[in-house]
Amino acid sequence: ERSDGRERLVSGAKVVAQALKTQDVNYMFGIVGIPVTEIALAAQEVGIRYIGMRNEQAACYAASAVGYLTGRPGVCLVVSGPGLIHALGGMANANMNCWPLIVIGGSSERSQETMGAFQEFPQVEACRLYSKFSARPSSIEAIPSIIEKAVRSSIYGRPGACYVDIPADFVNLQVNVNSVRYVECCMPPPVSMAESSAVCMAASVIRNAKQPLLIIGKGAAYARAEESIRKLVEQCKLPFLPTPMGKGVIPDNHPNCVGAARSRALQFADVIVLFGARLNWILHFGLPPRYQPDVKFIQVDICAEELGNNVRPAVTLLGDINAVTKQLLEQFDKTPWQYPPESKWWKILREKMKSNEALSKELAFKKSLPMNYYTVFYHIQEQLPRDCFVVSEGANTMDIGRTVLQNYLPRHRLDAGTFGTMGVGLGFAIASALVAKDRNPGQQVICVEGDSAFGFSGMEVETICRYNLPIILLVVNNNGIYQGFDTDTWKEMLKFGDATTVAPPMCLLPHSHYEHVMIAFGGKGYFVQTPEELQKSLRQSLADTTKPSLINIMIEPQAMRKAQDFHWLTRSNM
Ligand code: ADP
Ligand code: MG
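Below is a short write-up of the structure. (Residues numbered from 1 in each chain as written. Chains lettered and ligands numbered in written order. Predicted model: local features only at pLDDT ≥ 70, side-chain atom pairs only at ≥ 80, totals over all residues. Heavy atoms only, no water.)

## Digging into the environment of Val 191
Part 1 of the argument: Relative to the elements of secondary structure, Val 191 occurs in the loop between β8 (174-176) and α8 (196-207).
Part 2 of the argument: Considered as a pair, Val 191 and Ala 203 are 12 residues apart in the sequence and their alpha carbons are 21 Å apart.
Part 3 of the argument: Leave out the neighbours within four places in its chain, and Val 191 touches Asp 320 and Ala 323. (Helix = DSSP H or I, 4+ residues; strand = E, 2+ residues; numbered from the N terminus. Contact = heavy atoms within 4.5 Å.)

## Re the site of ligand 1
Part 1 of the argument: Close to ligand 1 lie 20 residues; Arg 158, Lys 218, Thr 243, Arg 278 and Asp 301 are nearest.
Part 2 of the argument: Backbone polar atom of Gly 276 to an oxygen atom of ligand 1: 3.3 Å apart, as the coordinates give it.
Part 3 of the argument: Within the contact set of ligand 1, an oxygen atom lies 2.5 Å away from a side-chain nitrogen or oxygen of Asp 301.
Part 4 of the argument: Contact with the protein chains covers 97% of the free accessible surface of ligand 1, which is 580 Å².
Part 5 of the argument: Per element, the largest residue contribution to the shell around ligand 1 is 3 residues, and it comes from helix α9 (residues 218-222).
Part 6 of the argument: For the shell around ligand 1, a count of residues per class yields 7 nonpolar, 7 polar and 6 charged. (Near = heavy atom within 4 Å. Polar contact = N/O pair within 3.5 Å; in protein donor to acceptor, adjacent residues only side chain to side chain. Areas by Shrake-Rupley, 256 points an atom, 1.4 Å probe, with all protein chains shown as cover. Nonpolar A, V, L, I, M, F, W, Y, C, P; charged D, E, K, R; others polar.)

## Here's the deal with the sheet that holds strand β5 (residues 101-107)
Part 1 of the argument: Read across the sheet, 6 strands follow the order β3-β2-β4-β5-β7-β6 without closing on themselves; strand pairing throughout is parallel. In the strand order of this sheet, the two ends are held by β3 (49-52) and β6 (133-135), each with one partner. Here the average twist between neighbouring strands, direction ignored, is 20°.
Part 2 of the argument: With respect to the sheet, helix α4 (residues 82-97) is in contact with β4 (75-78), β5 and β7 (161-167), its orientation differing from that of β5 by roughly 165°. (Pairing = 2+ DSSP bridges. Axes fitted to C-alpha atoms, helices over the stretch in contact; angles between N-to-C directions.)

## Observations concerning the nonpolar core
Part 1 of the argument: Counting residues in hydrophobic clusters, the biggest one holds 151 residues, and the most contacted among them are Phe 29, Ile 104, Phe 275, Leu 317, Ile 471 and Leu 473.
Part 2 of the argument: At 10 residues, the largest contribution of residues to this core is made by helix α3 (residues 56-70).
Part 3 of the argument: The residues contacting Ile 104, other than those within four sequence positions of it, are Val 16, Leu 20, Val 75, Cys 76, Leu 77, Val 78, Ile 147, Tyr 163, Val 164 and Ile 166.
Part 4 of the argument: Of all hydrophobic cores here, the second largest spans 28 residues; its members include Met 371, Cys 388, Ile 400 and Leu 542. (Core = buried A, V, L, I, M, F, W, Y, C linked by side-chain atoms within 4.5 Å. Buried < 20%, exposed > 50% of the residue type's maximum accessible area, 1.4 Å probe, protein only.)

## A few points about helix α22 (residues 531-543)
Since one α-helical turn is 3.6 residues long, residues separated by three or four positions face the same way.
Part 1 of the argument: The terminal C-alpha atoms of α22, which comprises 13 residues, lie 18 Å apart, in line with the 18 Å expected from a rise of 1.5 Å per residue.
Part 2 of the argument: Along α22, the positions that sit buried rather than exposed are Pro 531, Leu 534, Ser 537, Leu 538, Ser 541 and Leu 542. Axial view of α22: buried residues confined to an arc of 135°, hence all on one face. In α22, the exposed positions that point more than 90 degrees away from the buried face belong to Glu 532, Lys 536 and Ala 543.
Part 3 of the argument: Elements in contact with the buried residues of α22: α14 (373-383), β16 (445-450), β17 (471-477), β20 (524-528) and β21 (549-554). (Expected span 1.5 Å × (residues − 1). Arc of directions from axis to C-beta.)

## What about the coordination of the magnesium ion (ligand 2)?
Part 1 of the argument: Donor atoms from the polypeptide that bind the magnesium ion (ligand 2) are Asp 451 (OD), Asn 478 (OD1) and Gly 480 (O), placed at 2.0 to 2.1 Å.
Part 2 of the argument: Mapping the donors of the magnesium ion (ligand 2) onto the primary sequence gives the spacing D-x26-N-x1-G. Separated by 27 residues along the polypeptide, Asp 451 in helix α17 (residues 451-456) and Asn 478 in the loop between β17 and β18 (480-481) bring together distant segments of the chain. The same class applies to Asp 451 as to Asn 478, namely buried. (Donors = N, O, S within 2.8 Å, 3.2 Å for Na, K, Ca; no water.)

## Digging into the side chain of Asn 280
Part 1 of the argument: Structurally, Asn 280 is set in the loop between β11 (271-275) and β12 (296-301).
Part 2 of the argument: Excluding residues within four positions of it along the chain, Asn 280 makes contact with Phe 285 and Thr 418.

## A word on the state of the cysteines
Part 1 of the argument: Taken as a whole, this structure holds 0 disulfides when the rule is applied.
Part 2 of the argument: You can see Cys 127 has no disulfide; the closest cysteine sulfur is in Cys 60, sitting 9.0 Å from it.
Part 3 of the argument: On the basis of relative accessibility, which here comes to 0%, the residue Cys 127 falls in the buried class.
Part 4 of the argument: Here Cys 185 stays unpaired: no disulfide links it, and the sulfur of Cys 186, its closest cysteine neighbor, is 5.0 Å away. (Disulfide = S-S within 2.5 Å.)

## Examining α8
Part 1 of the argument: Counted at 1.5 Å a residue, the expected span for α8 with its 12 residues is 16 Å, and the 17 Å between its end C-alpha atoms agrees.
Part 2 of the argument: When α8 is considered as a whole, its buried residues turn out to be Ala 198, Val 199, Ala 202, Ala 203, Val 205 and Ile 206. Along the axis of α8, the buried residues cluster in a sector spanning 160°; they form a single face.
Part 3 of the argument: In this fold, the buried residues of α8 make contact with β11, β12, β13 (315-318) and α12 (321-334).

## Structural notes on the pairing of β20
Part 1 of the argument: For β20 and β21, the ladder comprises 5 bridges, and the chain directions are parallel. Note on β21: the bridge partner recorded for Lys 524 is Ser 549.
Part 2 of the argument: Handedness of the crossover is the feature at issue here: the chain leaves β20, passes through α22, returns alongside β21, and the resulting connection is right-handed. (Right-handed = clockwise from strand over helix to strand, strands pointing away.)

## What about the environment of Thr 114?
Part 1 of the argument: Relative to the helices and strands, Thr 114 resides in the loop between β5 and α5 (123-128).
Part 2 of the argument: Judged by relative accessible area, Thr 114 falls into the exposed class, the value being 72%.
Part 3 of the argument: Note: C-alpha distance between Thr 114 and Glu 184 (70 residues apart in sequence) is 36 Å.

## Considerations on the pattern of salt bridges
Part 1 of the argument: Here the structure, examined in full by the defined rule, presents 16 salt bridges.
Part 2 of the argument: The closest approach of N and O atoms between Arg 136 and Asp 165, which form a salt bridge, is 2.9 Å. Remark: Asp 165 occurs in strand β7 and Arg 136 occurs in the loop between β6 and α6 (143-155); sequence separation between them is 29 residues.
Part 3 of the argument: Connected through salt bridges with shared partners, the residues Arg 54, Glu 462 and Arg 466 form a single ionic network. (Salt bridge = Lys/Arg side-chain N within 4 Å of Asp/Glu carboxyl O.)

Have a look at this one:
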């Protein structure tokens, strides 16, 4: 009660913000409008960072990346109807990646429901397919407990997306402050351990392996299991292979990393331990011909429903990766064991790595212009700061870039992921830059985009400039999707008719000056066609941390990746 006798009131918007803050949610991305503007204002008031984006989809990608990077979900705040629908892409991507995320959607007034209200849409229902939990609080007083449940659900078990619907009439409605009770911050996710008999069995299968392989997935990165997994690798001298976002859990340049012999390692391993990596398309379903028909899989995952998908595992270890790895370490402490470093398996792997690396180098040193992918990535890798975030998307740009660009730190590579989503790059880069700003100032973000991939969320360059984030965008430009044409061929083609009838669907406008998008908002832009120009502009961009920059790198429009052993799968992520 106030001293003048009138009761103290609080709006629904403020309750939402305070409830989020109480759950230790610290970042909110979104686009304001009716009816959520007040929620964004209230969030800033309670000390949540608010980042205004240009499309809800990119905002949602950014919020989900915060969840992956920090283990605490970010919020994506959207308006009703179309705003929420734009965010569904981000929710789906987060859920597929098993990343925590909270989406808060304003919705039309309850009193106008089914009447054709402004932007009316069945939002709770729509989100169900893209989330673990989707609900609307029944009253303002119920907001804190629904938000606690959403945050808790997003991080407990297999992480994922959660949706909370806030009707317009809740936003400004005032209730007595004393009627709102904030639920205490949810406890950290309980740590579960594998059955001890399964742990014993796993250790024995590993000990008896002739050609063992550990696969480190982004689940291991999310679980912050880097220390224990590294110990296991070094103590038992086992070869390991990171998945795309598993890169950096143990540094790529670790002597036991067999990333450069990926296909060979998968194909001939007889025992494979999966640390937070699903046997989906990224790992070719665990099936022949990419694997031995009788390979023994040991699956470590927090999600019971995942165990046994596509293959019948030799052993399943249900539990938190970090805890389970420690359980395995106990076994190897009790009865020490090492995989012999002079084995034939190591020899096979080392030889393959050497020849693959030599092949990449050979391509990288080709002097022909326009440059090929390998030349470009080789020169980027040369200057890449060891601790930078590497964000990447595009088809060949991402696939080839991953093989050349090294990660030395866990959770420092973000890409199109499980869902193969294009358009994630700028949102991910923005999230990484913000997390870096708060935790490790001075750390830079390198975002390597294909020209097509860049187009999906290109206007977020304005967001990057508005917040002056230390991001270097590299657009690897081949004038198209997978492939494009040079200017002369393009002009020649147009002599035969209208572009809609003669231009192959993969074509984008040749010689596009994407760097001007950055210049338009006050950042630095470079157009480069030679290795020397690339080296120089990258050096300048890395040195000048006062401004974001975009380097538009022209490459051979028909450039492709080097020949693969498995031709029929070259278009897959690996
Ligand atoms: P990648 O794309 O790197 O192969 P996936 O996204 O397919 O990785 O797999 C990640 C797996 O990690 C998911 O099956 C998820 O359930 C699991 N996971 C996430 N967090 C944990 C954790 N803390 N402990 C164990 N498993 C986890
Ligand atoms: Mg392209």
